[in-house]
Amino acid sequence: MAQIVLKQIEKSFKQDKVIEGLNLTIENGSFTVLVGPSGCGKSTTLRMIAGLEKESGGEIWIGDHCVNDVEPGKRNVAMVFQNYALYPMMTVKENIEFGLVNRKVPKPERERLIKEITEIVGLAEYLNKKPQALSGGQRQRVALARAMVKNPAVFLMDEPLSNLDAKLRHQMRTELIQLHKRLGATFVFVTHDQVEAMSMGDRIVIMNKGRIQQADSPMKIYDDPDNVFTAQFIGTPPMNVMNREQLLPYMDGQLHGDIAHIGFRPEKAIMTIEKKFQPGYVQFPARILTRETLGAEIIYQLETKLGAIAVKSFLKPLEFASEVHISVSMQDLYFFDRNGTRARQHERTEERELIALGGGYA
Ligand SMILES: Nc1ncnc2c1ncn2[C@@H]1O[C@H](COP(=O)(O)OP(=O)(O)OP(=O)(O)O)[C@@H](O)[C@H]1O
Ligand SMILES: [Mg+2]
């Protein structure tokens, strides 16, 4: 059992508070991704779990033990770093074997482990090469293999794929997902790439400025974001969010409560050349600035009186039009208060219907 619990974790570097009141439960066997902009505290959080950085306050539990005073080597975790941290003078085999020798694992057992694990990560042919003779992806596999021979309950990975080119990164993502299934260990994976987070994590923890903004499954965060930050962090292009005042003329109705911002996902907008009246929709004119044809879908950047917006469409491109009309169902709107916190209570259907009654079109 290796559930990880962070209780009221604080971390300061001298006067600088970089983590504040962080509470998080990472379930045993989960693939949890910590994601957020540069400097938000992802690596620091991971390093505190590993014991490489000392928390300034709070408790860290791994399984049944509070590990605050347990040294890194005794926490039953293995860390994989972005820069691989391999020993350049040692061969692949020696790099993987090093920790085992240190722990006085007998030679036959070492040989068996190395054989088994290098086959899993596809390194069997490279055992006698030095790291400098390997590609980035192969070096990453050595780093993984080195973590795997420890058979830890928890794998901590800090942007392990970010030095790889796009294609290899994609391949390694799939391999890591399979590896996670196969090992059944707890994976905590740090990235600043939201696509990577979405595609790998069964649970995503979105951080900003040392605080957790939301921790949920990828689809839950996508469909039901807690605030403007998470709404715009997950999804490409990000959710369109506009000020209440900008959208209000096109709603021609009442907005209840303390709503300051209103958002909708780019794929929820319907783009037409003709202006159509549809009850229950917000509608406004727009001008197409650019089209990005990605194959199955097209992303439009548009200019409107409400500001710049993006629309994602799976339909045939509106080739020659530049002046279009955008409609968004009231059901697809997200409301946020002045602080950017989701105002779910104002998204209730009857209120939407009330608003939609005006349904107007300025
Ligand atoms: N050893 C240190 N001494 C002083 N400040 C530090 C130290 N390590 C990290 N910080 C600061 O703590 C904050 C969080 O850093 P951290 O490395 O955890 O961010 P991150 O989310 O991993 O960012 P990135 O995506 O760029 O790797 C940053 O403001 C950083 O400058
Ligand atoms: Mg980092």
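As the structure is a computational prediction, the values presented were derived from the model and not from experiment.

## Re the pairing of strand 4 (residues 57–62)
Sheet faces and side chains relate simply in a regular strand, where the side chains alternate between the two faces.
Here is step 1 of the chain: Note that strand 1 (residues 4–13) and strand 4 share 5 bridges and pair antiparallel. From the neighbouring strand, I4 faces strand 4, where its bridge partner is I62.
Here is step 2 of the chain: Sheet topology places strand 4 next to strand 5 (residues 65–66); 2 bridges connect them, and they run antiparallel. Residue pairing for strand 5: I62 is matched across the bridge by H65.

## With respect to helix 4 (residues 136–148)
Here is step 1 of the chain: With 13 residues, helix 4 extends 18 Å from end C-alpha to end C-alpha; this agrees with the ideal 18 Å at 1.5 Å per step.
Here is step 2 of the chain: Within helix 4, 11 of the 13 residues are buried, leaving the element largely enclosed by the surrounding structure.
Here is step 3 of the chain: Against the buried residues of helix 4 lie strand 6 (77–80), helix 2 (92–102), helix 3 (107–120), strand 7 (154–158) and helix 5 (166–183).

## Some remarks on the packing of helix 2 against helix 3
Geometrically, a packed helix pair is captured by the angle between its two axes and the distance between the axes.
Here is step 1 of the chain: Relative to each other, helix 2 and helix 3 sit at 135°, their axes nearing to 10 Å. Classified by the angle their axes make, helix 2 and helix 3 are oblique. Where helix 2 crosses over helix 3, the two elements pack in a sense that is right-handed. Note on element contacts: helix 3 touches helix 2 through K107, R110, E111, L113, I114 and T118, opposite K93, I96, E97, L100 and V101.
Here is step 2 of the chain: A class-by-class count of the residues in the contact of helix 2 with helix 3 yields 5 nonpolar, 1 polar and 5 charged.

## Considerations on the environment of E303
Here is step 1 of the chain: Among the secondary structure elements, E303 is positioned in strand 15 (residues 298–304).
Here is step 2 of the chain: The class for E303 is partly exposed, based on a relative accessible area of 42%.
Here is step 3 of the chain: In sequence terms E303 and N23 are 280 residues apart; their C-alpha atoms lie 41 Å from each other.
Here is step 4 of the chain: Discounting residues that sit within four places of it in the chain, E303 has contacts with A286, R287 and L289.

## A closer look at the pattern of salt bridges
Two side chains with opposite charge may pair up if their charged atoms get near one another.
Here is step 1 of the chain: As enumerated under the stated definition, the model contains 24 salt bridges in all.
Here is step 2 of the chain: Between E109 and R112 there is a salt bridge, and its shortest N-O distance comes to 3.3 Å. With E109 and R112 both in helix 3 and 3 residues apart, the pair spans about one turn of that helix.
Here is step 3 of the chain: On the accessibility criterion, R112 (43% relative accessible area) is partly exposed.
Here is step 4 of the chain: Here the salt bridges do not stand alone but share partners, grouping K220, D224, D226, R342, R344 and E347 into one network.

## Concerning the sheet that holds strand 4
Here is step 1 of the chain: Across the sheet, 4 strands lie side by side as 2-1-4-5; this open sheet has antiparallel pairing. The open sheet has two free edges, formed respectively by strand 2 (16–26) and strand 5, since each of these has just one partner strand.
Here is step 2 of the chain: Bridge count between strand 1 and strand 2: 7 bridges; the pairing is antiparallel. Bridge pairing links I4 to I26 in strand 2.
Here is step 3 of the chain: Of the strands in this sheet, strand 1, strand 2 and strand 4 touch helix 1 (residues 42–50), which is tilted by about 120° from strand 1.

## Structural notes on unusual backbone geometry
Here is step 1 of the chain: Residue T236 is joined to P237 through a cis peptide bond whose omega torsion reads -15°.
Here is step 2 of the chain: Notably, Q8 is not glycine yet its phi reads approximately 45°, a positive angle.
Here is step 3 of the chain: In this fold, Q8 is placed in strand 1.
Here is step 4 of the chain: In this structure Q8 comes out as partly exposed when scored by relative accessible area, which is 42%.

## Focus: the side chain of E10
Here is step 1 of the chain: Within the secondary structure layout, E10 lies in strand 1.
Here is step 2 of the chain: Within the structure, the side chain of E10 is placed 3.4 Å from the side chain of K17, a separation counted as a polar contact.
Here is step 3 of the chain: When near neighbours in sequence (up to four residues on either side) are disregarded, E10 contacts K17, I19, E20, G21, E55, S56 and G57.

## Here we look at the site of ligand 1
Here is step 1 of the chain: Every residue close to ligand 1 is listed here: F13, V18, P37, S38, G39, C40, G41, K42, S43, T44 and E159.
Here is step 2 of the chain: Between ligand 1 and G39 there is a distance of 2.8 Å, counted from an oxygen atom to a backbone nitrogen or oxygen.
Here is step 3 of the chain: Within the backbone of C40, one N or O atom sits 3.2 Å away from an oxygen atom of ligand 1.
Here is step 4 of the chain: Here ligand 1, which alone exposes 640 Å², has 57% of that area covered by the protein.
Here is step 5 of the chain: Per-element accounting of the shell around ligand 1 gives the leading share, 3 residues, to helix 1.
Here is step 6 of the chain: For the shell around ligand 1, the per-class residue count stands at 4 nonpolar, 5 polar and 2 charged.

About the thresholds
- Residues numbered from 1 in each chain as written.
- Chains lettered and ligands numbered in written order.
- Predicted model: local features only at pLDDT ≥ 70, side-chain atom pairs only at ≥ 80, totals over all residues.
- Heavy atoms only, no water.
- Pairing = 2+ DSSP bridges.
- Helix = DSSP H or I, 4+ residues; strand = E, 2+ residues; numbered from the N terminus.
- Expected span 1.5 Å × (residues − 1).
- Buried < 20%, exposed > 50% of the residue type's maximum accessible area, 1.4 Å probe, protein only.
- Contact = heavy atoms within 4.5 Å.
- Axes fitted to C-alpha atoms, helices over the stretch in contact; angles between N-to-C directions.
- Parallel < 35°, antiparallel > 145°, perpendicular 65-115°, else oblique.
- Left-handed = near helix turned anticlockwise from the far one by under 90°.
- Nonpolar A, V, L, I, M, F, W, Y, C, P; charged D, E, K, R; others polar.
- Salt bridge = Lys/Arg side-chain N within 4 Å of Asp/Glu carboxyl O.
- Polar contact = N/O pair within 3.5 Å; in protein donor to acceptor, adjacent residues only side chain to side chain.
- Near = heavy atom within 4 Å.
- Areas by Shrake-Rupley, 256 points an atom, 1.4 Å probe, with all protein chains shown as cover.

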